[in-house]
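Here is what each chain is made of, one letter per residue.
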Amino acid sequence: MKKRSEPLSLLGLQALTDRLPTNHKQYAIIEEDLRRRKAGFSGELNFDKHINEFRPTYPFALLHDICLLQNGIYFQMDSVLILPDKILIFEIKNLGGKLTVKANPTQFIQEIKGERKIIQSPITELDRKMIFMDRWLKERGIDIPIQGMIGLAYTNELFIEEETRVEILFTHEIPIRLYNMEITEEKLSRTKINKIARDFVDSHQEYNPFPLTKTLKIEKENIITGVYCPACKRTGMKWNLMKWQCPGCSYSSVDCHLALLDDWFYLMDSSITNRQFRSFSGIQDPDVAKRILKKSGLIMKGAHRTAFYIR
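Here the residue index of a chain counts from 1 through its sequence in written order. Where totals are concerned, whole chains, interfaces and linings use all residues; where local detail is concerned, this predicted model gives features only for residues with pLDDT of at least 70, and gives and counts side-chain atom pairs only at 80 or more. Side-chain metrics in this entry use all non-hydrogen atoms of the structure; hydrogen atoms and water are not considered.

**Student:** Whenever I open this one, a nonpolar patch on the surface confuses me. Can you help?
**Tutor:** Residues enter patches when they are more than 30% accessible in relative terms and free of salt bridges; like-charged ones are connected within 9 Å and nonpolar ones (Val, Leu, Ile, Met, Phe, Trp, Tyr) within 5 Å. Calculation of accessible area relied on Shrake-Rupley with a 1.4 Å probe; when residues are assessed, cover is drawn exclusively from the protein chains displayed. Salt-bridge detection follows one rule: a side-chain nitrogen of Lys or Arg within 4 Å of a carboxyl oxygen of Asp or Glu. On the surface, Leu69, Tyr74 and Tyr207 cluster together into a nonpolar patch covering about 270 Å² of accessible area. Here a strand is any run of E in DSSP of at least two residues, a helix any run of H or I of at least four, and the numbering for each starts at the N terminus. Tracing the sequence through the fold places Tyr207 in the loop between helix H5 (190-203) and helix H6 (212-215). Classification of Tyr207 as partly exposed rests on a relative accessible area of 47%. When accessible area is computed with a 1.4 Å probe and restricted to protein chains, residues below 20% of their type maximum are described as buried, those above 50% as exposed, and intermediate ones as partly exposed.

Here it is as structure tokens:
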């Protein structure tokens with residue numbers, strides 16, 4: 001009912017690392033956050049590949065990457081499976097090394113190359129999401145059991161010292177576990193399952209962290225300007241003869257400014273003026289800038305000197 005797409009936060013962080021000087025004091029932190037999010041997304045894609053094997057004879061709905069708002073609080077679920085007798089929330093983790101799980105208190109200990117560290121418990125994350133999901137559904141008159149399941153995207157060395165209240169499985173094991181899971185009582189008909197799934201999709205609100213310079217308190221002056229060349233990855237493409245041309249490798253294209261506009265909205269502001277576009281892209285002529293902006297699929301607001309563009 002809802003497929004997975006690359007998260008906005010991942011796209012924004014990629015743009016930020018491309019346009020932030022490597023000697024910036026926050027660069028290493030941002031680069032690590034990007035690496036972690038890329039690994040997480042890769043793990044979720046791995047889960048998707050395996051869960052596609054689940055094709056039961058009874059009605060069900062599967063949704064990926066659902067973010068809902070409950071009493072002003074966002075809660076994001078990697079995947080949600082609606083079954084006739086319950087709703088399953090999946091928390092997918094892509095963790096390297098050896099994992100040790102303790103139940104009382106709940107601890108996840110990760111060991112990589114002899115270095116041990118306690119990481120945030122996915123069970124605690126799931127508990128929070130299950131509470132908010134239960135409240136969200138009951139506000140809509142739906143009372144259905146909610147369970148959580150943790151999927152480990154790749155085969156780790158795993159030690160579970162005590163039984164946990166949430167199942168922890170490798171993603172390739174999950175389809176078989178679901179097939180072996182009995183449907184105890186048909187609380188939800190096919191029609192009701194479809195309605196709940198549509199409500200999830202209609203209510204989905206992906207958290208928008210943009211512009212990242214504001215969210216992460218980075219001075220806009222630190223952001224590298226200029227149009228990036230897709231071929232040689234350098235900034236400084238020039239608009240000449242109705243197309244962008246790279247002075248470094250001679251690559252040319254008519255639409256390289258689209259990626260630049262993405263970067264602007266990810267990093268700088270929720271709107272852009274002609275003057276701002278010229279400063280960010282290196283174009284000198286206001287009329288040329290106006291024509292490019294008008295053809296970029298943006299919405300123009302205001303007129304003449306007060307005009308600006310939004311998505």
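What follows continues from the structure just given.
**Student:** Is there a simple way to explain the packing of helix H8 (residues 274-281) against helix H9 (residues 286-294) in this structure?
**Tutor:** Geometry of a packed helix pair, given as the angle between the helix axes and the separation of the axes. Following both chains from N to C, one finds H8 and H9 inclined at 100 degrees, their axes separated by 9 Å at the closest point. As the angle between them shows, H8 and H9 are arranged roughly perpendicular. Contact residues: H8 offers Asn274, Phe277 and Arg278, while H9 offers Pro286, Ala289, Lys290, Ile292 and Leu293. Axes here mean lines fitted to C-alpha atoms, for a helix over just the part in contact, with angles spanning 0 to 180 degrees between N-to-C directions. These descriptions rest on fixed angle ranges, namely under 35 degrees for roughly parallel, over 145 for roughly antiparallel, 65 to 115 for roughly perpendicular, and the rest for oblique. Here, residues are in contact when the closest pair of their heavy atoms is within 4.5 Å.

**Student:** Hey, could you run me through the nonpolar core in this one?
**Tutor:** Here is a general trend for soluble globular proteins: nonpolar side chains tend to be buried in one another's company. Take the buried Ala, Val, Leu, Ile, Met, Phe, Trp, Tyr and Cys residues and link them wherever side-chain atoms come within 4.5 Å; each set so joined is a nonpolar core. Core analysis: the biggest nonpolar cluster contains 36 residues, and Leu16, Leu267, Ile272 and Phe277 have the highest contact counts within it. For this core, the secondary-structure elements that each account for two or more residues are helix H1 (8-19), helix H2 (27-51), helix H7 (257-267), H8 and H9. It is H7 that contributes the most residues to this core, six residues altogether. Every residue in contact with Leu267, bar those within four places of it in the chain, is listed here: Gly12, Ala15, Leu16, Arg19, Pro211, Leu212, Thr213 and Ile223. Counting residues in hydrophobic clusters, the runner-up holds 35 residues, among them Ile66, Ile119, Met133 and Phe170.

**Student:** Got a minute to help me understand H2 in this structure?
**Tutor:** Residue pairs spaced three or four apart in an α-helix point in one direction, given the helix's 3.6 residues per turn. End to end, H2 covers 36 Å across 25 residues, agreeing with the expected 36 Å (1.5 Å per residue, within 8%). For H2, the set of buried residues is Tyr27, Ile30, Asp33, Leu34, Phe41, Gly43, Glu44, Asn46, Phe47, Asp48, His50 and Ile51. Along its buried surface, H2 packs onto H1, strand S1 (61-70), strand S2 (73-82), strand S3 (87-93) and helix H4 (174-179). What a helix should span is 1.5 Å times the count of its residues minus one.

**Student:** In this structure, what is going on with the state of the cysteines? I would like to understand it.
**Tutor:** Put plainly, a disulfide is one covalent bond tying together the sulfur atoms of two cysteines. Any pair of cysteine sulfurs within 2.5 Å is marked as a disulfide. Inspection of the entire model under this criterion finds zero disulfides. Sulfur of Cys246: no disulfide; nearest cysteine sulfur belongs to Cys232 and is 3.6 Å away. Residue classification places Cys246 among the buried residues on the basis of a relative accessible area of 7%. Free of any disulfide, Cys256 has its nearest neighbouring cysteine sulfur in Cys229, separated by 6.7 Å.

**Student:** Would you mind showing me how to read the environment of Met181 here?
**Tutor:** Of note, Met181 is situated in the loop between H4 and H5. Given a relative accessible area of 9%, Met181 falls into the buried group. Those residues in contact with Met181, other than ones at most four positions away along the chain, are Lys86, Leu88, Met149 and Glu167.

**Student:** I'm lost on the packing of aromatic side chains in this one. Help?
**Tutor:** How two aromatic rings sit relative to each other is given by the distance of their centres and the angle of their planes. Whether two aromatic rings pair depends on their centres lying within 6.5 Å, for rings of Phe, Tyr and Trp, where Trp uses its six-membered ring; planes under 30 degrees apart make the pair stacked, over 60 edge-to-face, and the rest tilted. Overall, the coordinates contain 10 aromatic pairs when judged by the stated rule. Pairing Trp264 with Phe280 gives two aromatic rings, centres 5.2 Å apart and planes at 75 degrees, and the pair type is edge-to-face. In this pair, Trp264 is assigned in helix H7 and Phe280 in helix H8, connecting sequence segments 16 residues apart. The pair Trp264 / Phe280 is uniform in exposure class, with both members buried. Put simply, the rings of Phe54, Tyr58, Phe60 and Tyr179 pair up and form one aromatic cluster. Two conditions define a charge sitting above a ring: the NZ of Lys or the CZ of Arg must be within 6 Å of the ring centre, and it must be within 35 degrees of the ring normal. It is Arg140 that lies over the ring of Trp136; its NZ or CZ is 3.7 Å from the centre.

**Student:** How should the pairing of strand S5 (residues 107-112) be read in this particular structure?
**Tutor:** Regular strands place their side chains on alternate faces of the sheet. At least two bridges found by DSSP between two strands is the condition for calling them paired. Sheet topology note: the strand S4 (residues 98-102)/S5 ladder contains five bridges and is antiparallel. Along S5, the bridge assignment pairs Lys102 with Gln107. Counted between consecutive antiparallel strands, the loop separating S4 from S5 contains four residues. The pairing of S5 with strand S6 (residues 115-119) spans five bridges and is classified as antiparallel. The partner of Glu111 across the bridge, within S6, is Arg116. The antiparallel pairing of S5 with S6 creates a hairpin that spans two residues between the two strands, and Lys113 there sits at a positive phi of about 50 degrees.

**Student:** Is there a simple way to explain the sheet that holds S2 in this structure?
**Tutor:** Adjacent strands of a sheet pair through backbone hydrogen bonds, lying either parallel or antiparallel. Within the open sheet, the five strands sit side by side as S1-S2-S3-S7-S9. Their pairing is mixed. Looking at the sheet topology across the chains shown, the edges are occupied by S1 and strand S9 (167-170). When strand polarity is set aside, the average angle formed by the axes of neighbouring strands in this sheet is 35 degrees. Across four bridges, strand S7 (residues 146-152) lies against S9 in parallel orientation. Bridge pairing in S9 places Gly151 opposite Leu169. Sheet contacts for helix H3 (residues 122-138): S1, S2, S3 and S7; angle to S2, the most-contacted strand, approximately 90 degrees.

**Student:** Please explain the pattern of salt bridges as it appears in this structure.
**Tutor:** Should the charged atoms of two oppositely charged side chains come close, the side chains can pair. Counted under the stated rule, the structure contains 18 salt bridges. Arg19 is the salt-bridge partner of Asp263, the closest N and O atoms lying 2.7 Å from each other. Here Asp263 is found in helix H7, whereas its partner Arg19 is found in helix H1, with 244 residues between them in sequence. For the pair formed by Asp263 and Arg19, the shared burial category is buried. Measuring nitrogen to oxygen at the nearest pair gives 2.0 Å for the salt bridge that ties Asp262 to Arg311.

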